[in-house]
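Report on the structure
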Amino acid sequence: MASAQPAVISIAQTGRTITVPTGLFINNAFVPSVDSTAVIDCLNPATEEKICSVVAGSAADIDRAVAAARAAFRTTWGKNVTGFERARLLNRLADLVERDAQALGELEALNNGKPVRVARDFDIGDSVACLRYYAGWADKIIGQSLEVDNKTKVAFTRHDPIGVCGQIIPWNYPINMWSWKVAPALACGCTIVMKPSEITPLTALKLSELIVEAGFPPGVVNTVPSLGAVGGAALALHADVDKVAFTGSTVTGRKVMEAAAKSNLKKVSLELGGKSPHIIFESADLEQAANWAALGILYNTGQDCTAGSRLFVQESIYDRFMAILVSKAKELVIGDGFDEKTSGGPVVSKMQYDKIFRYIGYGKEQGAKCILGGEKRPGKGYFVEPTIFTEVTRDMKIFQDEIFGPVLAVTKFKTEEEAVRLANDTTYGLGAGLHSNDASQCMRVAGELEAGTVWINQYNLLTNNVPFGGKKQSGIGRELGSYALEEYTSVKAVHWNFGEKLDWPL
Ligand SMILES: NC(=O)C1=CN([C@@H]2O[C@H](COP(=O)(O)OP(=O)(O)OC[C@H]3O[C@@H](n4cnc5c(N)ncnc54)[C@H](O)[C@@H]3O)[C@@H](O)[C@H]2O)C=CC1
Ligand code: BAL
């Protein structure tokens, strides 16, 4: 069996070490696999070096984790614990994540590549707020009292926890996606089997230590790093999992839904890919719009499901706007993630790096004009410079496909109608942005854009109390806000007769 001993990781830049559990986290203990010696090698995308290995869970390990989650749901969690207690534990967990923000940020920087400052101040800061937000909901998950007949009958609804939840998360925001899924599920009284991405499992394992320290009973949260086709597929297909929440590619989301349909018709929520349009109208504040457009494609090195990867710029301001945007993109500081001034790191893996350069190649071959970046830089690490293509047309692959890298496809438009038509010309429907100083145009275009989120005069900012999710092939269901509670509860209607007599036969 693969060892479940913790790994001691030395960080050259700080001279400190971080200890990370490497076993599967089941019933509040880190354990080896029941039947496999397989391991997952965790790599540092900035150096291409191995950080450590963790145990790779098998389908049998998923069975074990689901059994632990089911037992906890029936005994120490589920309907056996009050909302006040769930809130207390979630708040405690938030405090511990906040306490360990620097160490978690450093671990995220090592395994994912994002700079420590970005991980600590944005991903982890937002995750702490997310845990606290859902702690606030835990004692307010209430049904309705419904009038049936004043003298004889009443009905009411209960919003019961849905049960055991499989949660499958990606590598682009390992801590954020963990908190978006764990916090509402725990607030509602569900138990969890979390499968982090095999590319970035380390922070989910470190957070599992905090689950124990916060005082959650064994089995409430279980973490099984595993390959997607093994542990992810087993979770989606499991007959004793009541719900699966997935964030990742549309291709894999389809498989998750298929597995749910083939097994027990578990509830499914999917947060999938995007090719989000970002429209700059001629009345916009061009400096500000350029800042948001740069953020839209360069934040998290473009590895963002809502990346504003298709930019539409009105003809009358095109030259002026593009000159500002190019100068903004050049200002991004890419490099050592342990330097507090760095804003951009490498992309997460060799596979992602190769995919991005494949698409840069398609852009060049299909006749788009590369006005910035587009070349490999020498040295170690999967670093990709901001890349901007202009003269992009709808038939090009860089217009249609999610690249998940800092590659912007720019198209010029003349009229509002043309901009909306181009923006909606995609199978995706996750995010969309528009910049304009014409309020009626803002309202009109926001109404027309086919997306789960529309940003006006900003881009990519999310808030824990506002729902997030997709239309079209970008997903099903909503995360964040009160809407996420619906994903983790099942509504039971109770009809209570206290006075009506039934005459039989009818
Ligand atoms: N919407 C988003 O936030 C994300 C989109 N992507 C897109 O997907 C592309 C490929 O990235 P991948 O890492 O391959 O994404 P992926 O969708 O395969 O991986 C996401 C998660 O799904 C799991 N998974 C993989 N196969 C599975 C299966 N058969 N059943 C259940 N779970 C499974 C993975 O282990 C991981 O935890 C990216 O280039 C990007 O375009 C990737 C990650 C996040
Ligand atoms: N930016 C929202 C989360 C995601 O990219 O998966």
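Residues numbered from 1 in each chain as written. Chains lettered and ligands numbered in written order. Predicted model: local features only at pLDDT ≥ 70, side-chain atom pairs only at ≥ 80, totals over all residues.

What follows covers the UniProt feature "active site" (unreviewed entry) in the chain. As recorded in UniProt, the sites labelled "active site" (unreviewed entry) are Glu271. As for its placement among the helices and strands, Glu271 is situated in strand E13 (residues 267-271). Not counting residues within four places of it along the chain, the set of residues in contact with Glu271 comprises Thr247, Cys305, Gly469, Gly470, Gly475 and Glu479. (UniProt positions renumbered as here; feature names shortened; annotations may be inferred. Helix = DSSP H or I, 4+ residues; strand = E, 2+ residues; numbered from the N terminus. Contact = placed C-beta atoms within 7 Å.)

Once that is clear, we can look at the packing of helix H9 (residues 286-298) against helix H10 (residues 318-330). Relative orientation of the contacting elements H9 and H10 amounts to 50°, with a least axis distance of 9 Å. The pairing of H9 with H10 is recorded here as oblique in orientation. Remark: the crossing between H9 and H10 carries right-handed chirality. Packed against H9, whose contacting residues are Leu286, Glu287, Ala289, Ala290, Asn291, Ala293, Ala294 and Leu298, the element H10 presents Arg320, Phe321, Ile324, Leu325, Lys328 and Ala329 at the interface. (Axes fitted to C-alpha atoms, helices over the stretch in contact; angles between N-to-C directions. Parallel < 35°, antiparallel > 145°, perpendicular 65-115°, else oblique. Left-handed = near helix turned anticlockwise from the far one by under 90°.)

On to the site of ligand 2, then. Taken together, the residues surrounding ligand 2 are Asn172, Tyr173, Thr247, Asp304, Cys305 and Thr306. Its residues placed into classes, the shell around ligand 2 shows 2 nonpolar, 3 polar and 1 charged. Residue-level mapping places the shell around ligand 2 at the junction of two domains, with at least three residues from each of domain 1 (61-272 + 475-491) and domain 2 (277-456). (Near = placed C-beta within 6 Å. Nonpolar A, V, L, I, M, F, W, Y, C, P; charged D, E, K, R; others polar. Domains from an automatic or database assignment.)

Before going further, it helps to examine the pairing of strand E14 (residues 277-280). Neither face of E14 is exposed, since Pro277 and Ile279 on one face and His278 and Ile280 on the opposite face are all buried. As defined by bridge partners, E14 adjoins strand E15 (residues 310-314) across 4 bridges and the pair is classed as parallel. Along E15, the bridge assignment pairs Ile279 with Phe312. Between the parallel pair E14 and E15, the chain is carried across by H9, and the sense of this crossover is right-handed. (Buried ≥ 20, exposed ≤ 12 C-beta atoms within 10 Å, placed from the backbone. Pairing = 2+ DSSP bridges. Right-handed = clockwise from strand over helix to strand, strands pointing away.)

Time to look at the domain arrangement of the chain. Domain boundaries assigned for the chain yield domain 1 (61-272 + 475-491) and domain 2 (277-456). Computed from C-alpha coordinates alone, the two centres of domain 1 and domain 2 are separated by 31 Å. Those elements that place two or more of their residues in the side of domain 1 that touches domain 2 are helix H3 (101-112) and helix H4 (116-137). Split into classes, the residues belonging to the side of domain 1 that touches domain 2 amount to 6 nonpolar, 3 polar and 3 charged.

Let us now look at the sheet that holds strand E20 (residues 453-456). Here 7 strands make up an open sheet; going across it, the order is E16-E17-E18-E15-E14-E19-E20 and the pairing mixed. Where the open sheet ends on each side, the last strands, each with one partner, are strand E16 (369-372) and E20. Geometrically, the sheet is characterised by an average inter-axis angle of 25° between neighbouring strands, direction not taken into account. Against the sheet, H10 makes contact with E14, E15, E16, strand E17 (387-390) and strand E18 (407-413), and its axis sits at roughly 140° relative to E15, the strand it touches most.

A word on H9. Over its 13 residues, H9 extends 18 Å from the first C-alpha to the last, a length consistent with the 18 Å expected when each residue adds 1.5 Å. Residues of H9 that are buried: Ala289, Ala290, Trp292, Ala293, Ala294, Leu295, Gly296, Ile297 and Leu298. Summarising the contacts, the buried residues of H9 are in contact with E14, E15, H10, E18 and strand E19 (431-435). Within two residues after H9, Asn300 carries a phi angle of roughly 55°, on the positive side. (Expected span 1.5 Å × (residues − 1).)

Moving on, we get to the UniProt feature "domain: Aldehyde dehydrogenase" (unreviewed entry) in the chain. Residues annotated in UniProt with the feature "domain: Aldehyde dehydrogenase" (unreviewed entry) correspond here to residues 37-494. Summarising residues 37-494: 41% helix, 20% strand, and an end-to-end C-alpha distance of 49 Å.

Successive residues of a regular strand alternate their side chains across the two faces of the sheet. Relative to strand E2 (residues 17-20), strand E1 (residues 7-10) is paired through 4 bridges, and the arrangement is antiparallel. Looking at the pairing, Ile9 lines up with Ile18 of E2. Hairpin connection, E1 to E2: the antiparallel pair is bridged by 6 residues, and Gly15 has positive phi, about 75°.

A few words on the site of ligand 1. The full set close to ligand 1 counts 26 residues, and Pro170, Gly228, Gly232, Gly248 and Ser249 are the nearest of them. Elements supplying a minimum of two residues to the shell around ligand 1: helix H7 (228-237), helix H8 (250-262) and helix H11 (350-365). A total of 5 residues in the shell around ligand 1 trace back to one element, the largest contributor, which is H7. For the shell around ligand 1, the residue count by class is 11 nonpolar, 10 polar and 5 charged.

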